[in-house]
Amino acid sequence: ISPDTIDTIFSEWNQTDVPGGAVAVIQKGEIVYSKGYGLADMEHDIVINPSTVFYIGSVSKQFVTFSILLLREQGKLDLDDEVQEYLPDFPRYESPLTIRHFIHHTSGVRDYLTLMDLKGRSYLDHTEMEEAYELIKNQEELNFTPGERYLYSNSCYLMLAMIVEEASGMSIKEFAEKEIF
C-alpha cells in the first residue's frame, strides 16, 4: 500500500475541525511509514504526529481479562478466588469479593476515577497505581453487595492487573508481552 493511498484513506480525518488519528505501517518488525492526521486536541489546535501519545481509556481491559483467563488456564488462579488471596491488604466486607465480580463489574467496589474526581483531580491527571489503590482500599463500604448489581468500575481492573502481577510473578506488561504479544 502506498503512502498516497494511506493519505487518501485518512483524508476525512486530516482536517482542522475533527479529531484525527495516527498510523504506523510495520513490515518485518520495522516501521516503514508513520504519519499523523488531524487534531489531537481541538480546543487547543494541537495536531497529531507519529509520536503523539493517546489516552487509550479502557482498551487495555480486554488484555487484563485475557491475562486473568490465561492464568486460570495455567492453574495459577480461579475466577471464584477471593481477591484478598492475591491482595491480602485489601479489606474484607460483609460479602466475599471474587475475581469474577471484578471482571464483570459486579463487585460494588467504588471507581477510583470517581473518587479522584471527588478529590478535585481530573481523570487525565497522572495517578500512580499505589495512590489509586490506597484510595480504593480506604473506602469503608462498597456501593452494593457483590453480585447484586452491575456498576462499571475502573478500580476492579486496576486491581485485576495487580492480581495478574501477584499470580504470575511478572509485571502486567511483562506478562502480556510474554503470553499474549
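Located above this text is the structure these notes cover.
So, how was this worked out
- Residues numbered from 1 in each chain as written.
- Predicted model: local features only at pLDDT ≥ 70, side-chain atom pairs only at ≥ 80, totals over all residues.
- Heavy atoms only, no water.
- Pairing = 2+ DSSP bridges.
- Helix = DSSP H or I, 4+ residues; strand = E, 2+ residues; numbered from the N terminus.
- Salt bridge = Lys/Arg side-chain N within 4 Å of Asp/Glu carboxyl O.
- Buried < 20%, exposed > 50% of the residue type's maximum accessible area, 1.4 Å probe, protein only.
- Core = buried A, V, L, I, M, F, W, Y, C linked by side-chain atoms within 4.5 Å.
- Contact = heavy atoms within 4.5 Å.
- Polar contact = N/O pair within 3.5 Å; in protein donor to acceptor, adjacent residues only side chain to side chain.

A. Fine view of the pairing of strand β1 (residues 21–27). In the sheet, β1 pairs with strand β2 (residues 30–37) via seven bridges, with the strands oriented antiparallel. Considered in β2, the bridge of Val 23 is made with Lys 35. Remark: two residues form the turn of the hairpin made by β1 and β2, two consecutive strands paired antiparallel; Lys 28 in that turn has positive phi of roughly 50°.

B. Focus on the pattern of salt bridges. Under the definition given, this model contains nine salt bridges. The shortest N-O distance in the salt bridge between Asp 80 and Arg 100 comes to 2.8 Å. With Asp 80 in the loop between α2 (61–73) and α3 (99–103) and Arg 100 in helix α3, this residue pair connects regions lying 20 residues apart in the sequence. Overall, the relative accessible area of 44% leaves Asp 80 in the partly exposed class. Overall, the relative accessible area of 34% leaves Arg 100 in the partly exposed class. Here Arg 110 ties to Glu 141 by a salt bridge, and the two come within 3.5 Å at their closest N and O atoms. A residue pair is termed long-range when its members are at least 10 positions apart, and Arg 110 in the loop between α3 and α4 (112–118) and Glu 141 in the loop between α5 (129–137) and α6 (154–168) qualify at 31 residues. One salt-bridge network, in which partners are shared between bridges, spans Asp 89, Glu 134 and Lys 137.

C. Quick look at the nonpolar core. By size, the foremost hydrophobic cluster in this structure holds 34 residues, and its most contacted members are Ile 68, Phe 90, Ile 99, Met 159, Leu 160 and Ile 163. Elements represented by at least two residues in this core include exactly α2, α3, α4, α5 and α6. The element that contributes the greatest number of residues to this core is α6, accounting for nine residues. Look past the residues within four positions of Ile 163 in its chain and what remains in contact with it is Ile 68, Leu 77, Val 83, Tyr 86, Leu 87 and Ile 99.

D. Layout of the environment of Arg 92. Its location among the elements puts Arg 92 in the loop between α2 and α3. Residue classification places Arg 92 among the exposed positions, given a relative accessible area of 57%. C-alpha separation for the pair Arg 92 and Lys 137, spaced 45 residues apart in sequence, amounts to 9.7 Å. The residues touching Arg 92, leaving out its near neighbours within four places in the chain, are Glu 82 and Gln 84. There is a polar contact of 2.4 Å between the side chain of Arg 92 and the side chain of Glu 82.

E. Seen up close, α5. Among the residues making up α5, those that are buried are Ala 132, Tyr 133, Leu 135, Ile 136 and Lys 137. Buried residues along α5 sit in contact with α4 and α6.

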